[in-house]
Amino acid sequence: MTEALLEAQDYVFAHPDEAAAIFAPNSPKATPEQLTAMLRSHTHGHHPVGADLRKEIALYTDELKAISVIKPGTNSEKFSNKVYANVLS
């Protein structure tokens, strides 16, 4: 499933116009052009793994702590190591 999601992200990254047109019927309040712009603003082509992914999880954890989504006393590095799994090996 993870590999399929990565393939879908790569496709959307490479073909945002087509992906927006495919999705447009599910989003009647947004035009295909608006959807394309939204897709181009996303990071679908970014796939960190291993230590890089754990580092990003820790950074996201810090950001979530700053807006009180995660408890302020949470150790971001320990948390990232706990939730990370190498499912592609």
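This structure is a prediction, so every number in the text was calculated from the model and none was measured. (Residues numbered from 1 in each chain as written. Predicted model: local features only at pLDDT ≥ 70, side-chain atom pairs only at ≥ 80, totals over all residues. Heavy atoms only, no water.)

Examining the overall build of the protein chain
We count it as follows: Numbering of helices and strands runs from the N terminus, with a helix taken as a DSSP run of H or I at least four residues long and a strand as a DSSP run of E at least two residues long. We take the radius of gyration over the C-alpha atoms and set the globule estimate at 2.2 Å times the residue count to the 0.38 power. Exposure classes here rest on a 1.4 Å probe applied to the protein chains alone. A residue is buried below 20% of its type maximum, exposed above 50%, and partly exposed in between. Any pair of residues with heavy atoms lying within 4.5 Å of one another is described as a contacting pair. Note that accessible areas follow from Shrake-Rupley with a 1.4 Å probe, and for residues the cover is restricted to the protein chains shown. When charges are counted, Lys and Arg contribute as positive and Asp and Glu as negative, whereas His and the chain ends are disregarded. Note that the charge is assigned to NZ on lysines, CZ on arginines, CG on aspartates and CD on glutamates.
Looking only at helices and strands, one finds 5 helices and 0 strands in the protein chain. Traced from its N-terminal end to its C-terminal end, the protein chain shows the element sequence α-α-α-α-α. Against the globule reference of 12 Å for 89 residues, the protein chain gives a C-alpha radius of gyration of 17 Å, more extended than a compact globule. Counting only C-alpha atoms, the protein chain reaches 45 × 35 × 15 Å along its principal axes. Taken across its 89 residues, the protein chain has 25% of its residues classed as buried. Within the protein chain, contacts between residues at least 6 apart in sequence are counted, and of these 41% link residues at least 24 apart. A total of about 6800 Å² of accessible surface is found on the protein chain, and carbon and sulfur atoms cover 60% of it. Side-chain charges in the protein chain split into 8 positive and 11 negative, and the spacing between the mean points of these groups amounts to 14 Å.

As for the pattern of salt bridges
Between side chains of opposite charge, pairing is possible as soon as their charged atoms come close. We count it as follows: The salt bridge definition used is simple: a Lys or Arg side-chain nitrogen within 4 Å of an Asp or Glu carboxyl oxygen.
Within this structure, the stated rule accounts for 2 salt bridges. One salt bridge in this structure joins Arg40 and Asp17, with 3.3 Å as the shortest N-O distance. Remark: Asp17 occurs in helix 2 (residues 16-23) and Arg40 occurs in helix 3 (residues 32-41); sequence separation between them is 23 residues. Given a relative accessible area of 54%, Arg40 falls into the exposed group. Here Asp17 falls in the partly exposed class, since its relative accessible area comes to 49%. Residue Lys65 pairs with Asp62 through a salt bridge whose shortest N-O separation is 3.6 Å. Of the two residues, Lys65 and Asp62 both sit in helix 4 (residues 50-66), 3 residues apart, roughly one turn of that helix. Exposure remark for Asp62: the relative accessible area of 37% places this residue in the partly exposed category.

Don't take any of this as a statement about function, it's just geometry.
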